[in-house]
Amino acid sequence: GEDVEQSLFLSVREGDSSVINCTYTDSSSTYLYWYKQEPGAGLQLLTYIFSNMDMKQDQRLTVLLNKKDKHLSLRIADTQTGDSAIYFCAERAANSGAGSYQLTFGKGTKLSVIP
Amino acid sequence: EADIYQTPRYLVIGTGKKITLECSQTMGHDKMYWYQQDPGMELHLIHYSYGVNSTEKGDLSSESTVSRIRTEHFPLTLESARPSHTSQYLCASSEQAGKETQYFGPGTRLLVL
């Protein structure tokens, strides 16, 4: 079945760039997402990328997609302490049993920003 | 800003009690989901619904049950709470077709003593 892999932890210094990586297995994925979860809160949609794109930039966030390697990354420029959170990668995958699509989430990467 | 709400935000309850976690959304989304999130951060899909009168079990077996009588409302019920049910429960919704972008509620943190 579909699987989304992420490293569990990342630690960076304030002001540096953070790069969170994700690999997925479903080659038919058409949308890939990044969500952010702050302590005690639900998941907040950060950004998504359509599979016919290689890159998407939104202010400090840059998403890179390598479809050949099934690799997705999220780069946060000028990382701030407020960026400390758990970041989830997700792919839109076919749910063949129900004839529909669902999101498959990675286990999350905990980003710690050191002041 | 997503309009999806969960109540209560926090609940401490004794073993054997019946509880219902509420989830409602005002976006008119057909699809709704319940996830259980363990302390190790991983999300587990326990229930989902494609619309009114539709409920399906997710990837993780759960002793909870759900109902979908109205589009905007997707409550989760535990008939007899146990300490093993202690977790964070996240509700989400998405449109029926298209990007399937899921919008999440703030979560309910449940502690069963």
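Data block above holds the structure.
About the cut-offs
Residues numbered from 1 in each chain as written. Chains lettered and ligands numbered in written order. Predicted model: local features only at pLDDT ≥ 70, side-chain atom pairs only at ≥ 80, totals over all residues. Heavy atoms only, no water. Disulfide = S-S within 2.5 Å. Helix = DSSP H or I, 4+ residues; strand = E, 2+ residues; numbered from the N terminus. Buried < 20%, exposed > 50% of the residue type's maximum accessible area, 1.4 Å probe, protein only. Contact = heavy atoms within 4.5 Å. Buried area = accessible area lost by both parts, 1.4 Å probe. Salt bridge = Lys/Arg side-chain N within 4 Å of Asp/Glu carboxyl O. Polar contact = N/O pair within 3.5 Å; in protein donor to acceptor, adjacent residues only side chain to side chain. Pairing = 2+ DSSP bridges. Phe/Tyr/Trp six-rings, centres within 6.5 Å; stacked < 30°, edge-to-face > 60°.

J.: Explain the state of the cysteines here, please?
T.: By definition, a disulfide links the sulfur atoms of two cysteine residues through a covalent bond. The final tally for this structure, using the stated rule, is two disulfides over all chains. Across the disulfide, Cys22 of chain A is cross-linked to Cys89 of chain A (sulfur-sulfur distance 2.0 Å). Between Cys22 of chain A and Cys89 of chain A, the disulfide has an S-S torsion of -65° and is therefore left-handed. Taken together, the residues span a long stretch of sequence, with Cys22 of chain A in strand E3 (residues 18-24) and Cys89 of chain A in strand E9 (residues 85-95) at a distance of 67 residues. A disulfide bridge connects Cys23 of chain B with Cys91 of chain B, and the sulfur atoms are separated by 1.9 Å. Because the sign of the S-S torsion sets the handedness, a value of about -75° for the bond joining Cys23 of chain B and Cys91 of chain B places this disulfide among the left-handed ones. With Cys23 of chain B in strand E3 (residues 19-25) and Cys91 of chain B in strand E9 (residues 87-94), this pair connects stretches of sequence that are 68 residues apart. On the accessibility criterion, Cys91 of chain B (0% relative accessible area) is buried.

J.: In this structure, what is going on with the interface of chain A and chain B? I would like to understand it.
T.: One frequently used descriptor of interface size is the decrease in accessible area upon assembly of the parts. Contact residues are listed per partner, giving 24 residues for chain A and 21 residues for chain B. Roughly 1800 Å² is buried in total at the junction of chain A and chain B, and carbon and sulfur atoms are behind 56% of that figure. Taken as a group, Leu43, Gln102 and Lys107 of chain A account for 25% of the area that chain A buries against chain B, more than any other trio of residues on that side. Linking chain A with chain B are zero salt bridges, by the criterion used here. Our enumeration of links across chain A and chain B arrives at five residue pairs in polar contact (both at pLDDT 80 or more).

J.: Is there a simple way to think about the side chain of Thr47 of chain A in this case?
T.: Among the secondary structure elements, Thr47 of chain A is positioned in strand E5 (residues 43-50). What makes Thr47 of chain A buried here is its relative accessible area of 5%.

J.: Is there a simple way to explain the sheet that holds E3 of chain B in this structure?
T.: Strand pairing in a sheet takes place through backbone hydrogen bonds and is either antiparallel or parallel in direction. All names here are of chain B. If you walk across this open sheet you meet the four strands as E1-E3-E8-E7, and the pairing is antiparallel. Of all the strands in the sheet, just strand E1 (4-7) and strand E7 (65-66) have a single pairing partner and so form its edges. As judged from the four bridges shared by E1 and E3, these two strands associate in the antiparallel manner. Bridge pairing links Thr7 to Glu22 in E3.

J.: Looking at this structure, how should I read the packing of aromatic side chains?
T.: Two numbers describe a pair of aromatic rings. These are the distance of the centres and the angle of the planes. Residues and elements named next belong to chain A. Summed over all chains, the structure comprises 11 aromatic pairs over all chains. Considering the side-chain rings of Tyr31 and Phe50, the 4.8 Å spacing of their centres and the 45° angle between planes classify their relative orientation as tilted. Residue Tyr31 is located in strand E4 (residues 31-37), and its partner Phe50 is located in strand E5; the two are separated by 19 residues in the primary sequence. Here Phe50 falls in the partly exposed class, since its relative accessible area comes to 29%. Taking 6.2 Å as the distance between ring centres and 35° as the angle between the ring planes, the aromatic pair formed by Tyr33 and Tyr35 counts as tilted. Take Tyr33 and Tyr35: they sit in the same class, and that class is buried.

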